Amino acid sequence: NPWYARCDDVDRPDYLHFDLDPVKTGKSGPTPFSVVRETALEVKGALDELGMPSYAKTTGSNGIHVYVPIVRGPEQKEVWRFAKAFAFAMATRRPDIITAEYKTAKRPAGRVLVDYNQNAWGRTLASVYSVRPTPRATVSAPVTWKEIEDGIELDDFRMDNEPARVEKLGDLWAPVAAKTKRVKLEKFLTSS
């Protein structure tokens, strides 16, 4: 799994990212993936309001990752602080589907955790295009926001069909790695 910063300056991330993780507690079982998709669209909407381009990929397991490419500059702790404030704002904005509660036992059932702690030191997320250990060999696949709106499912992206999809659509993850169209996060940071 890749880190959020390049090895020449591991203290200054190149990405702000959120792991949208369905809550797995409660009598009704895990939060449905439809709620994860709805949460992803809410996160995108809030990032759009801030003028931050965002890119999504399935986790290949049970959620969605949302990435914002940033201009390297702020230290990791500053990026984490912004991510935490954003996640709590999202939980306030849509408490019916979103939580920012990090302690598993305290997470309300039926919600999706906007996991800001993946921006903490030493954390990683599943690599793009990586095959996950699931019965159908699902892939952590980059997806368009339109695909999320249209109701993708995690099983739609598998080891047996992802190469043809990339051949047809190209690398949907290329903008995330590009040096252009990166957000200057400093203008969103507050002193504390």
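Above this text is the structure in question.
Residues numbered from 1 in each chain as written. Predicted model: local features only at pLDDT ≥ 70, side-chain atom pairs only at ≥ 80, totals over all residues. Heavy atoms only, no water.

A separate point is the packing of aromatic side chains. Considering all chains together, one arrives at eight aromatic pairs under this definition. Arranged with centres 5.1 Å apart and planes meeting at 80°, the rings of Y67 and W173 form a pair that is edge-to-face. With Y67 in strand β3 (residues 64–69) and W173 in the loop between α4 (162–169) and α5 (174–177), this residue pair connects regions lying 106 residues apart in the sequence. Each of the two residues, Y67 as well as W173, counts as buried. (Phe/Tyr/Trp six-rings, centres within 6.5 Å; stacked < 30°, edge-to-face > 60°. Helix = DSSP H or I, 4+ residues; strand = E, 2+ residues; numbered from the N terminus. Buried < 20%, exposed > 50% of the residue type's maximum accessible area, 1.4 Å probe, protein only.)

Moving on to the packing of helix α1 (residues 33–49) against helix α2 (residues 76–93). Interhelical geometry of α1 versus α2 gives an angle of 115° and a closest axis separation of 11 Å. Here α1 runs over α2; the crossing is right-handed. Touching E42, V43, G45, A46, L47 and E49 of α1 are F86, M90 and R93, all from α2. Its residues placed into classes, the contact of α1 with α2 shows five nonpolar, one polar and three charged. (Axes fitted to C-alpha atoms, helices over the stretch in contact; angles between N-to-C directions. Left-handed = near helix turned anticlockwise from the far one by under 90°. Contact = heavy atoms within 4.5 Å. Nonpolar A, V, L, I, M, F, W, Y, C, P; charged D, E, K, R; others polar.)

Counting through the fold element by element, Y129 comes out in the loop between β5 (112–115) and β6 (142–143). The partly exposed category is assigned to Y129, whose relative accessible area is 27%. Spatially, the C-alpha atoms of Y129 and V183 are 24 Å apart, while their sequence positions differ by 54 residues. Y129 has contacts with V139, S140, P142, E162, V166, G170, D171, L172 and W173, leaving out every residue within four places of it along the chain.

Attention shifts here to the pairing of strand β2 (residues 55–58). Of the two faces of β2, the one carrying Y55 and K57 and the one carrying A56 and T58 are both buried. Here β2 pairs with β3 via four bridges, running antiparallel. Residue pairing in the sheet places T58 in a bridge with I64 of β3. Once β2 ends, the chain turns through five residues before running back antiparallel as β3, passing G60 with a positive phi of about 80°. (Pairing = 2+ DSSP bridges.)

All right, on to the pattern of salt bridges then. All told, the structure shown has 17 salt bridges when counted by the stated rule. The partner of E153 in a salt bridge is R37, and the shortest N-O contact between them spans 3.0 Å. Pair noted here: E153 is in the loop between α3 (145–149) and α4 and R37 is in helix α1, with a separation of 116 residues, a long-range link. You can call E153 partly exposed: its relative accessible area is 38%. Classification of R37 by relative accessible area gives buried; the value is 13%. For R94, the salt bridge goes to D96, with nearest N and O atoms at 2.7 Å. When its relative accessible area of 17% is taken as the criterion, R94 is described as buried. (Salt bridge = Lys/Arg side-chain N within 4 Å of Asp/Glu carboxyl O.)

On to the sheet that holds β5. Through backbone hydrogen bonds, the strands of a sheet pair up, either in parallel or in antiparallel fashion. With mixed pairing, six strands are arranged side by side in an open sheet as β4-β5-β1-β3-β2-β6. The outermost strands of the open sheet, each flanked by one partner alone, are β4 (98–99) and β6. Two strands pair when backbone bridges link them, and β4 and β5 are joined in this way by two bridges, in the parallel orientation. Within the sheet, the bridge partner assigned to I98 lies in β5 and is V112. Across the sheet, α1 lies against β1 (15–22), β3, β4 and β5, angled at about 15° from β3, the strand it touches most.

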